[in-house]
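# Report on the structure
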Amino acid sequence: MSERRRQGVTIRAVAERAGVSAMTVSNVINRAGRASPATIAAVHAAVAELGYVPNVVARRLARARATTVGLLYSGARAPFLDAILVGALRATNARGLQLLLHEEAPGTPDAAEAAARSLARGGADALLLVPPFAELLRDSPVLRELALPVAAIAVGHVMPGVATVRIDNRAAMEELTTLLIARNYRRIALIAGNPRHSDSAPRVQGYQDALAAHGIAADPTLVIAGRFDRSSGEEAAQALLAGPARPDAIMCSNDDMAAGVIAEAHRRGLVLPRDLAVTGFDDTTLAARIWPLLTTVRQPAEEMAFRAAERLIGTGDGGEAVSDMIVPHAIIERESTPQRS
């Protein structure tokens, strides 16, 4: 069915397809009143066939506040995701609300749109997005059609129409790079994040800013794009450590990739941190569980998710979501970056 036809689907059309009244359809969708299992099945089948999405705005006005926050995420960044889930649960549980989860492989905008529709059909009154779904949906007409309040966590910049909660990624990576330079590291490599994530480019820029500020020429062969997972950290480390002039430090755009670098360095017989400094980003639980303990940027994912969910919940009580909120980050210094003689 075309997008234009989906947008014109009404409760009456669903009722006609299911062979019931419009009131019955409304009751089934809103879980109100009573209906037989056969009627419920018929309504859900008609909804799926026609691609009907409930009028969330009207539903929220009738309830006077949001009751369900839908979280759209990919399971690829497990420690980071764990913190986000805890933060979102803290916010929703404090208000006695529901958190509806939808895991989706980070693929095409069409897949992201289908996932957003699924959350809306499942009863979500607001959407909470984890990268890269904010990037995939930022220009989508589906968000305008659903008329849901939307918040995004850990993005790289302001996104019109979406409340954002983030850190200053550029400043954070500049500070971390400056720390390495102050400790006498000069051949500093960077494993960047997935280019589809909007926080990846600002981190590369921060790294480049710090090198330029200290008169260190940027070497493009020392910057490799990763995928925010351990295996891409290992792959990048293999390339960086195989050459005759290996780096004396490798910075990573998240802790998972740093763990991959450390594993590959150990396999090659390097003695860490003496032979190679390594840094991460996020300060997940992993950072304090590997050896050497990881110097990293603390991105308060749990607090960011809590604040983003609070913004969404507030819109149901007559408030407005904050358009952009930058929360403080911190540089966490551990054993992986000793002073270099």
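On to the overall build of the protein, then. In terms of regular secondary structure, the protein is built from 14 helices and twelve strands. Scored against the burial criterion, the 341 residues of the protein give a buried share of 52%. A separation threshold of at least 6 residues defines the contact pool for the protein, and within that pool the share at least 24 residues apart is 76%. Summed over all atoms, the accessible surface of the protein reaches about 14700 Å², with 52% contributed by carbon and sulfur.

Glancing now at unusual backbone geometry. Omega for the peptide link from Leu272 to Pro273 comes to 5°, which places this bond in the cis form. Cis geometry is found at the peptide bond from Trp291 to Pro292, where omega equals -5°. Topologically, Pro292 is positioned in the loop between strand E9 (277-279) and strand E10 (296-298). Backbone geometry places Asp282, a non-glycine residue, at a positive phi of 115°. Judged by relative accessible area, which is 4%, Asp282 ranks as buried. Its identity as a non-glycine residue notwithstanding, Asp283 has a phi of 55°, on the positive side. Tracing the sequence through the fold places Asp283 in the loop between E9 and E10.

The subject of this paragraph is the sheet that holds E9. Each strand in a sheet pairs with its neighbour through backbone hydrogen bonds, running either in the same direction (parallel) or in the opposite one (antiparallel). Strand order in this open sheet of four strands is E7-E6-E8-E9, and the pairing throughout is parallel. Of all strands in the sheet, those bounded by a partner on one side alone are strand E7 (223-225) and E9. The average undirected angle you get between the axes of adjacent strands in this sheet is 15°. Note that strand E6 (residues 188-192) and strand E8 (residues 249-252) share four bridges and pair parallel. Of the residues in E8, the one forming a bridge with Leu190 is Met251. With respect to the sheet, helix H10 (residues 169-182) is in contact with E6, E8 and E9, its orientation differing from that of E8 by roughly 165°. Relative to the sheet, helix H11 (residues 200-213) contacts E6, E7 and E8, its axis offset from that of E6 by approximately 165°.

Take the confidence of the model for the protein next. In regions of low pLDDT, the predicted coordinates are not meant to be interpreted in detail. Predicted confidence across the protein gives a mean pLDDT of 87, with 89% of residues reaching 70 or more. Residue range residues 60-64 is modelled with pLDDT below 50. Its contacts to residues more than four positions away, or to other chains, number eleven contacts. Taken together, the stretch residues 316-320 has pLDDT below 50 and engages in nine contacts with residues farther than four places along the chain or on a different chain.

All right, on to the pattern of salt bridges then. Side-chain pairs of opposite charge can arise where the charged atoms are in close proximity. What the rule picks out here adds up to 21 salt bridges. One salt bridge in this structure joins Asp219 and Arg187, with 3.5 Å as the shortest N-O distance. Here the residue Asp219 occupies a position in the loop between H11 and E7, and Arg187 occupies one in the loop between H10 and E6, the gap between them amounting to 32 residues. Residue class for Arg187 comes out partly exposed when judged on its relative accessible area of 29%. Put simply, Asp283 and Arg334 hold a salt bridge, and the shortest N to O gap is 3.0 Å. Here Arg334 lies in the segment after strand E12 (330-332) and Asp283 lies in the loop between E9 and E10, a separation of 51 residues in the sequence.

Rules and cut-offs
- Residues numbered from 1 in each chain as written.
- Predicted model: local features only at pLDDT ≥ 70, side-chain atom pairs only at ≥ 80, totals over all residues.
- Heavy atoms only, no water.
- Helix = DSSP H or I, 4+ residues; strand = E, 2+ residues; numbered from the N terminus.
- Buried < 20%, exposed > 50% of the residue type's maximum accessible area, 1.4 Å probe, protein only.
- Contact = heavy atoms within 4.5 Å.
- Areas by Shrake-Rupley, 256 points an atom, 1.4 Å probe, with all protein chains shown as cover.
- Pairing = 2+ DSSP bridges.
- Axes fitted to C-alpha atoms, helices over the stretch in contact; angles between N-to-C directions.
- pLDDT = per-residue confidence, 0-100.
- Salt bridge = Lys/Arg side-chain N within 4 Å of Asp/Glu carboxyl O.

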